Amino acid sequence: METGLWAFGVAAVAFAITAVIGKFLIPFLHKLNFGQTILEEGPKWHKSKQGTPTMGGIMFIIGIVIATTAGVLLYAVGHGMDSVSYYVFIGLLFALMNGAIGFVDDYVKVVKKRNLGLTAIQKLVLQFSAAAIYLFLMHLCKDNTQILIPFVNHYVDLGFFYYIIMAIGLVGTVNAVNLTDGIDGLDGSITFFACLFMMLIANVLGGHEANVLYTAAGAGGCLGFLIWNFHPAKCFMGDTGSLFLGGMICSMAFAMDMQFMLLLIALTYLIEMLSVVLQVTYFKLTHGKRLFKMSPIHHHFEMCGWSETKIVCVFSAFTAVCGLIALLLVIFGIVYTPVS
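Because the structure is predicted, anything quoted here is derived from the model rather than measured.

Talk me through the overall build of the protein chain; I want residue IDs and the actual numbers.
Within the protein chain, the regular secondary structure consists of twelve helices and two strands. Listing the helices and strands of the protein chain from first to last along the sequence gives α-α-α-α-β-β-α-α-α-α-α-α-α-α. With the principal axes as the frame, the protein chain shows a C-alpha extent of 50 × 50 × 35 Å. By the burial criterion, 53% of the 340 residues in the protein chain qualify as buried. Taking contacts inside the protein chain between residues at least 6 apart in sequence as the whole, the part at least 24 apart equals 77%. Carbon and sulfur atoms make up 73% of the accessible area of the protein chain, which totals about 14,800 Å². One finds the centroid of the 17 positive side-chain charges in the protein chain at a distance of 15 Å from the centroid of its 17 negative side-chain charges.

Here is the structure:
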């Protein structure tokens with residue numbers, strides 16, 4: 001009960017800070033002419049969004065960082081700092097590093113007025129560097145290369161390969177979250193439900209109070225941002241926001257040693273990324289044919305006549321179902337992470 005009250009308070013703070021900052025940030029971005037350039041190959045009706053301020057993710061980054069930091073430190077006053085608290089702060093750093101990469105990418109886009117930004121190689125080098133720093137810092141806190149295998153509840157020691165596999169997984173998931181940011185309110189809504197169910201899982205596991213507060217802040221920040229981003233969007237989160245959210249989601253799962261469960265909770269993001277991989281592969285193999293009308297897959301449904309609001313609702317509901325399944329697996333002991 002006490003942890004729940006703390007979580008509600010932290011979520012409320014993240015929501016309020018994010019929502020209020022948006023009131024001032026959006027006019028400021030307009031003044032700087034930091035508007036989004038819409039891709040030529042995108043849906044034609046997206047051209048009406050040309051010039052909508054981007055980099056709006058700054059508002060929830062500030063809200064989540066302040067709420068999480070204050071919440072965890074204040075909670076520690078009466079309960080002490082545990083290892084999970086350190087995992088949360090390292091996770092915040094990882095999210096911020098990815099947000100910084102996104103900021104540079106967005107800055108290049110808006111200054112040059114083109115929707116390109118950093119090259120793929122530049123972005124991957126920076127992202128793998130951020131992943132390496134994160135894994136190194138986590139290694140300093142816990143020298144553990146074991147990973148929990150779901151359903152059998154058994155730990156497998158991967159040795160040095162743990163860092164290689166996890167680095168690929170981190171970068172892949174971060175980019176999957178980035179690809180999901182394509183229509184108004186989609187990434188924020190999906191991430192809200194992902195954070196919500198990871199918060200509930202952290203609470204069920206016990207001993208993860210700091211992660212409960214971290215996930216609560218993430219959910220609150222996303223809700224605060226949706227005030228400005230739900231259709232019709234008054235601003236976009238940009239790569240600044242989507243890469244931050246990707247790093248945040250990954251670090252939440254890592255803090256609970258539930259990397260495999262991330263495959264379920266983050267399934268919507270991964271399907272978005274898979275649709276791009278399948279589209280490109282099929283296009284090359286068939287010399288120009290397309291598997292989907294457009295990728296990522298949310299654009300396919302747009303081209304099929306679905307409204308942006310309908311896509312957000314359906315994708316969010318799917319994420320909620322995946323989150324509920326993950327929660328039930330933990331509650332019934334099918335997948336369980338013992339408190340360290």
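Next comes the rest of the write-up.
Which residues make up a nonpolar patch on the surface, and what values go with them?
Together, F151, V152, V204, L324, L328, I331, F332 and I334 make up an exposed nonpolar region whose accessible area comes to about 780 Å². Per-element accounting of the nonpolar patch gives the leading share, three residues, to helix α12 (residues 308-331). With respect to the element layout, V152 can be found in the loop between β1 (146-149) and β2 (154-157).

Give me the lowdown on the side chain of T215, citing residues and values where you can.
Here T215 is to be found in helix α7 (residues 209-229). You can call T215 buried: its relative accessible area is 0%. At 2.8 Å, the side chain of T215 forms a polar contact with the backbone oxygen of N211. Setting aside chain neighbours within four positions, we find T215 in contact with C195, M198, M199 and M252.

Requested: an account of the packing of aromatic side chains, with residues and values cited.
Tallied over the full model, the rule gives ten aromatic pairs. On the basis of an interplanar angle of 50° and a centroid distance of 6.2 Å, the ring pair of F60 and F244 is categorised as tilted. Here F244 lies in helix α8 (residues 238-255) and F60 lies in helix α2 (residues 57-79), a separation of 184 residues in the sequence. Comparing F60 with F244 shows no difference in burial state: the two are buried. Three or more aromatic residues link up through ring pairs in this structure, and these residues are F60, F225 and F244. Here the guanidinium or amino end of K142 rests over the ring plane of Y87, the centre of that ring lying 4.8 Å away. The ring of W306 has K310 lying over it, and the distance from NZ or CZ to the ring centre is 4.4 Å.

Describe in detail helix α5 (residues 161-180), supporting the description with residues and values.
Taking 1.5 Å per residue as the helical rise, α5 with its 20 residues ought to reach 28 Å, and the 29 Å between its terminal C-alpha atoms agrees with that figure. Where burial is concerned, most of α5 is hidden: 14 out of the 20 residues are buried.

So, the packing of helix α6 (residues 186-205) against helix α10 (residues 267-285): which residues are in play, and what are the values?
Working note: a packed helix pair is described by the angle between its axes plus the distance between those axes. At a closest axis distance of 10 Å, the pairing of α6 and α10 adopts a crossing angle of 140°. With respect to α10, the axis of α6 lies oblique. Along the contact surface, α6 presents L186, D187, I190, T191 and A194, while α10 presents T268, Y269 and E272. Looking at the contact of α6 with α10 residue by residue, the classes come out as four nonpolar, two polar and two charged.

Could you give me a rundown of the nonpolar core, with the residues and numbers involved?
Membership of the largest hydrophobic core comes to 95 residues, with the highest contact counts inside it found for F94, I201 and M248. Top contributing element to this core by residue count: α6, with eleven residues. Those residues in contact with M248, other than ones at most four positions away along the chain, are I64, A95, T191, C195, Y214 and G218.

Can you lay out the pattern of salt bridges for me, pointing to particular residues and giving the numbers?
Scanning the entire structure with this criterion turns up five salt bridges. For K109, the salt bridge identified is with D105, shortest N-O distance 3.4 Å. Taken as a pair, K109 and D105 lie in helix α3 (residues 83-112) at a separation of four residues, close to a single helical turn. With a relative accessible area of 13%, K109 lands in the buried category. Judged by its relative accessible area of 0%, D105 is buried. When the shortest N-O distance is used, the salt bridge between D257 and K142 registers 2.6 Å. On the criterion of sequence distance, the pair formed by D257 in the loop between α8 and α9 (259-265) and K142 in the loop between α4 (120-141) and β1 is long-range, its members being 115 residues apart. Each of the two residues, D257 as well as K142, counts as buried. Here the salt bridges share partners, and the residues they tie into one network are D105, K109, K123 and D239.

Before we move on, could you go through the pairing of β2 and cite the residues and values that matter?
As paired elements, β1 and β2 share four bridges and run antiparallel to each other. Across the sheet, I147 pairs through a bridge with V156, a residue of β2. Hairpin connection, β1 to β2: the antiparallel pair is bridged by four residues, and F151 has positive phi, about 75°.

About the criteria used
Residues numbered from 1 in each chain as written. Predicted model: local features only at pLDDT ≥ 70, side-chain atom pairs only at ≥ 80, totals over all residues. Heavy atoms only, no water. Helix = DSSP H or I, 4+ residues; strand = E, 2+ residues; numbered from the N terminus. Buried < 20%, exposed > 50% of the residue type's maximum accessible area, 1.4 Å probe, protein only. Contact = heavy atoms within 4.5 Å. Areas by Shrake-Rupley, 256 points an atom, 1.4 Å probe, with all protein chains shown as cover. Lys, Arg positive; Asp, Glu negative; His and termini not counted. Charge placed at Lys NZ, Arg CZ, Asp CG, Glu CD. Patch = residues over 30% accessible without salt bridge, like charges linked within 9 Å, V, L, I, M, F, W, Y side chains within 5 Å. Salt bridge = Lys/Arg side-chain N within 4 Å of Asp/Glu carboxyl O. Polar contact = N/O pair within 3.5 Å; in protein donor to acceptor, adjacent residues only side chain to side chain. Phe/Tyr/Trp six-rings, centres within 6.5 Å; stacked < 30°, edge-to-face > 60°. Lys NZ or Arg CZ within 6 Å of the ring centre and 35° of its normal. Expected span 1.5 Å × (residues − 1). Axes fitted to C-alpha atoms, helices over the stretch in contact; angles between N-to-C directions. Parallel < 35°, antiparallel > 145°, perpendicular 65-115°, else oblique. Nonpolar A, V, L, I, M, F, W, Y, C, P; charged D, E, K, R; others polar. Core = buried A, V, L, I, M, F, W, Y, C linked by side-chain atoms within 4.5 Å. Pairing = 2+ DSSP bridges.

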